[in-house]
Amino acid sequence: MKIRRPRLPRTRRGQRRLVQAVMAVCVLSLLPATWLYVSTADRLRTTADVPRTDVAVVFGAGLWDGEPSPYLAHRLDAAAKLYRAGRIKVVLVTGDNSRKDYDEPDAMRTYLRKHGVPDDRIVSDYAGFDTWDSCVRVRKIFGVDRAVLISQGFHIRRAVALCEAAGVDSYGIGVDAKHDATWYYGGTREVFAAGKAALDAVFHPDPTFLGPREHGVTKALAGARD
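Here the structure is a predicted model, which means the values were calculated and not measured. (Residues numbered from 1 in each chain as written. Predicted model: local features only at pLDDT ≥ 70, side-chain atom pairs only at ≥ 80, totals over all residues. Heavy atoms only, no water.)

(A) Spotlight on the packing of aromatic side chains. Enumeration according to the criterion identifies 1 aromatic pair in this entry. Here Y71 and F154 contribute two aromatic rings whose centre-to-centre distance is 6.2 Å and whose plane-to-plane angle is 40°, an arrangement assigned as tilted. Taken together, the residues Y71 in helix α2 (residues 70-84) and F154 in helix α5 (residues 153-165) connect sequence positions 83 residues apart. The residue whose ring lies beneath R43 is Y171, and the NZ or CZ to ring-centre distance is 4.6 Å. (Phe/Tyr/Trp six-rings, centres within 6.5 Å; stacked < 30°, edge-to-face > 60°. Helix = DSSP H or I, 4+ residues; strand = E, 2+ residues; numbered from the N terminus. Lys NZ or Arg CZ within 6 Å of the ring centre and 35° of its normal.)

What follows is the structure, given as structure tokens:
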């Protein structure tokens, strides 16, 4: 069978309609990304000026041979810096532990311990399979209603917007990262991820795994006040 190539309109009217349709598609595809930028404009901070908050949330960003990837290490470094400066009391690490040979939260905990954060000030969320899941679990499972979120700059706006939608009053810190292939991939991916984020914020789907309420954050905060 011969596959017929689509024919472009030959009339000016048809060409004008085609251009208008293409422009409309482009505008619609960029609306979610625009929403992310507008809705989080006043919520981004640095490690130096972020409001003092009990809890910081660090999102997983992959492991290399069981160790945090460079991108994840930068996020954890920022959390450790906030803890040492007394700007936070507890670090909630949320990541993927969907199989036995891949455990982001435990690798993140080990890294933080090596960088001066006490083990009893670290709480692990083992079912943070994506950003929306993490945000919902932060609120519903761990009972956190205010937090500092830590991620790379290309992801932090989506994290803040989704956690706000999930009921977490959030400020975001976008840590620096080398503009390598991973950075450009992440930035491009965010354009498409913004569409899913908008749907999550509107329809509030249940996370992959919810489970019972956990009291790790409450206990860690109680210990911090002793």
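Next comes the rest of the account.
(B) Broad picture of the nonpolar core. Core analysis: the biggest nonpolar cluster contains 27 residues, and V58, L76, V91, V93, L112 and I150 have the highest contact counts within it. Counting residues per element, the ones that place at least two in this core are β2 (55-59), α2, β5 (90-94), α3 (104-114), β7 (146-152) and β8 (169-175). In terms of residue count, α2 provides more of this core than any other element does, 8 residues in total. L112 has contacts with L76, A79, A80, V91, V93, V117 and I122, leaving out every residue within four places of it along the chain. Ranked by size, the runner-up nonpolar core spans 26 residues in total, among them V90, V138, I156 and A166. (Core = buried A, V, L, I, M, F, W, Y, C linked by side-chain atoms within 4.5 Å. Buried < 20%, exposed > 50% of the residue type's maximum accessible area, 1.4 Å probe, protein only. Contact = heavy atoms within 4.5 Å.)

(C) Region of interest: a nonpolar patch on the surface. Together, L199, V202 and F203 line one region of the surface with nonpolar side chains, adding up to about 360 Å² of accessible area. Tracing the backbone through its elements, the reader meets F203 in helix α6 (residues 181-203). Residue F203 is classed as exposed on the basis of its relative accessible area of 63%. (Patch = residues over 30% accessible without salt bridge, like charges linked within 9 Å, V, L, I, M, F, W, Y side chains within 5 Å. Areas by Shrake-Rupley, 256 points an atom, 1.4 Å probe, with all protein chains shown as cover. Salt bridge = Lys/Arg side-chain N within 4 Å of Asp/Glu carboxyl O.)

(D) Geometry of α5. The end-to-end C-alpha separation of α5 is 19 Å, in line with the 18 Å expected for 13 residues at 1.5 Å each. Of all 13 residues in α5, 10 are buried, a share of seventy percent or more. Taken as a whole, α5 has its buried residues at F154, H155, I156, R157, R158, A159, V160, A161, L162 and C163. (Expected span 1.5 Å × (residues − 1).)

(E) The sheet that holds β5, seen in detail. Strand order in this open sheet of 6 strands is β1-β8-β7-β2-β5-β6, and the pairing throughout is parallel. Each end of this open sheet is capped by a strand with a single partner; those strands are β1 (44-45) and β6 (122-125). Of the strand pairs in this sheet, β7 and β8 are connected by 7 bridges, and their pairing is parallel. Residue Q152 lies in a different strand from β8, and its bridge partner there is V175. The sheet contacts of helix α7 (residues 216-225) involve β2, β5 and β6, and relative to β6 the element is tilted by about 175°. (Pairing = 2+ DSSP bridges. Axes fitted to C-alpha atoms, helices over the stretch in contact; angles between N-to-C directions.)

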